Amino acid sequence: MAFVRFVVRECIVEWCIVMRSIVGVALVLLSALPANADTLEARLAPCLACHGEKGQSAIPEVPSLGAQPAFYLTIQLFMFREKLRLVEPMNQMMQGLRDNDLRNMADFIAKLPPPEPAGDPADPARMERARALIEQHRCNFCHNRDYSGEQNVPRLAGQREDYLVKALREYKNNTRRGYDASMADVLYLISDEQILDLAYFLARLR
Ligand code: HEC
Ligand code: HEC
């Protein structure tokens, strides 16, 4: 009995030592956290709280960012920082970041999975109207046949419908300045009703 008790006590002592070292490691990690807030993941945490951790935004008029071309993202972050594209939260978020930070953030975000398209059954008449407009205005010439984007041209497939409507309206009324003038030119001949059909179509593409 005495032996067993001894062993048990010995184990308890050892367990204590193990626990103490686990707590110790945890404390060391905790105290290292402020320095770690500089890592890319930590910096992106507030961003992805708005834009969606898995590349898909659940917030109205906040765009999904998953699978956007890295170069497009870098340019837009740059434009937010320089206040060439005016959006309150984004202009604020970019203050004090260096070009390299923007590039690293863009590279990370570009690797998030593409957003899932809107799941409700699509209205075939609206989809057909949008398809005809897209042929006419050659949207899929610049944005890629599968609307995945490339270089400075953004991905459109599966983007939030409300954000697409907002973006297209802002190009049309010149409140969103682009890196180049392509979109203002394209929108010149497109009506607001057609913008609604285009956004409806694009949000339902995979
Ligand atoms: C409070 C919510 C919020 C936070 C936090 C936030 N964003 Fe945004 N972001 C937005 C909104 C809203 C827009 C869309 C602006 C518009 O309507 O044109 C946007 C736009 C963008 C775009 C342009 C997307 C496109 O398709 O053109 C990028 C890239 C982006 N944000 C990256 C980031 C990064 C990186 C961070 C963190 C440093 C961040 N965002 C933090 C709300 C947020
Ligand atoms: C000549 C090439 C070209 C054509 C044609 C074109 N686009 Fe674009 N589009 C661009 C470029 C470049 C951008 C990025 C501009 C910027 O920097 O804001 C863009 C941006 C967009 C955006 C903003 C996306 C975002 O994440 O903010 C939408 C929406 C869009 N295009 C839809 C369309 C639709 C719909 C059509 C056809 C009616 C079309 N585009 C035709 C080149 C083109």
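None of the values given here were measured: they were computed from a predicted structure. (Residues numbered from 1 in each chain as written. Chains lettered and ligands numbered in written order. Predicted model: local features only at pLDDT ≥ 70, side-chain atom pairs only at ≥ 80, totals over all residues.)

## Comments concerning the site of ligand 1
Near ligand 1, the surroundings consist of 18 residues, among which Cys47, Cys50, Pro63, Val87 and Pro89 are the closest. Looking at the shell around ligand 1 element by element, the count peaks at four residues for helix H2 (residues 40-51). The residue inventory of the shell around ligand 1, partitioned by class, reads 14 nonpolar, two polar and two charged. (Near = placed C-beta within 6 Å. Helix = DSSP H or I, 4+ residues; strand = E, 2+ residues; numbered from the N terminus. Nonpolar A, V, L, I, M, F, W, Y, C, P; charged D, E, K, R; others polar.)

## Remarks on the site of ligand 2
Residues in contact with ligand 2 amount to 22 residues; listed here are only the nearest, His137, Cys139, Cys142, Gly178 and Tyr179. Listed by contribution, the elements that provide at least two residues to the shell around ligand 2 are helix H6 (124-137), helix H7 (139-142), helix H8 (161-172) and helix H9 (182-187).

## What to know about helix H5 (residues 99-110)
A rise of 1.5 Å per residue sets the reference length of H5, with its 12 residues, at 16 Å; its end C-alpha atoms lie 16 Å apart and thus fit the reference within 8%. Buried residues in H5 make contact with H2 and helix H3 (70-81). (Expected span 1.5 Å × (residues − 1). Contact = placed C-beta atoms within 7 Å.)

## Thoughts on the nonpolar core
By size, the foremost hydrophobic cluster in this structure holds 15 residues, and its most contacted members are Leu164, Leu168, Tyr171, Leu198, Ala199 and Leu202. It is helix H10 (residues 192-203) that contributes the most residues to this core, six residues altogether. Excluding its chain neighbours within four sequence positions, the residues that come into contact with Tyr171 are Arg176, Gly178, Met183, Ala184 and Leu187. Counting 11 residues, the second largest nonpolar core, distinct from the first, contains Leu65, Leu73, Met105 and Ile109. (Core = buried A, V, L, I, M, F, W, Y, C linked by C-beta atoms within 7 Å. Buried ≥ 20, exposed ≤ 12 C-beta atoms within 10 Å, placed from the backbone.)

## Some details on unusual backbone geometry
The phi dihedral of Ala67 is positive, around 65 degrees, even though this residue is not glycine. Classification of Ala67 as partly exposed rests on a count of 18 C-beta atoms within 10 Å. Even without glycine at this site, Arg138 takes up a positive phi of about 55 degrees. Within the element layout of this structure, Arg138 appears in the loop between H6 and H7. The exposure class assigned to Arg138 is exposed, which follows from the 10 C-beta atoms found within 10 Å.

## Some thoughts on the packing of H8 against H10
Two elements in contact, H8 and H10, have axes whose closest approach is 9 Å; the angle formed by their N-to-C orientations is 140 degrees. For the element pair H8 / H10, the angle class is oblique. For H8 against H10, the interelement crossing comes out right-handed. Here Glu161, Leu164, Val165, Leu168 and Arg169 of H8 come into contact with H10, specifically with Ile195, Leu196, Leu198, Ala199, Tyr200, Leu202 and Ala203. (Axes fitted to C-alpha atoms, helices over the stretch in contact; angles between N-to-C directions. Parallel < 35°, antiparallel > 145°, perpendicular 65-115°, else oblique. Left-handed = near helix turned anticlockwise from the far one by under 90°.)

## Details of H3
Between its first and last C-alpha, H3 extends 16 Å over 12 residues, near the 16 Å set by a 1.5 Å rise per residue. Regarding H3, the residues found buried are Leu73, Thr74, Ile75, Gln76, Leu77, Met79, Phe80 and Arg81. The secondary structure elements touched by the buried residues of H3 are helix H4 (88-93) and H5. Of the residues flanking the end of H3, it is Lys83, one or two places downstream, whose phi is positive at about 60 degrees.

## A word on the confidence of the model for the protein
For the protein, mean pLDDT is 87; residues scoring 70 or higher make up 82% of the total. Counting contacts from residues 1-36, a segment whose pLDDT is below 50, to residues more than four positions away or on other chains yields one contact. (pLDDT = per-residue confidence, 0-100.)

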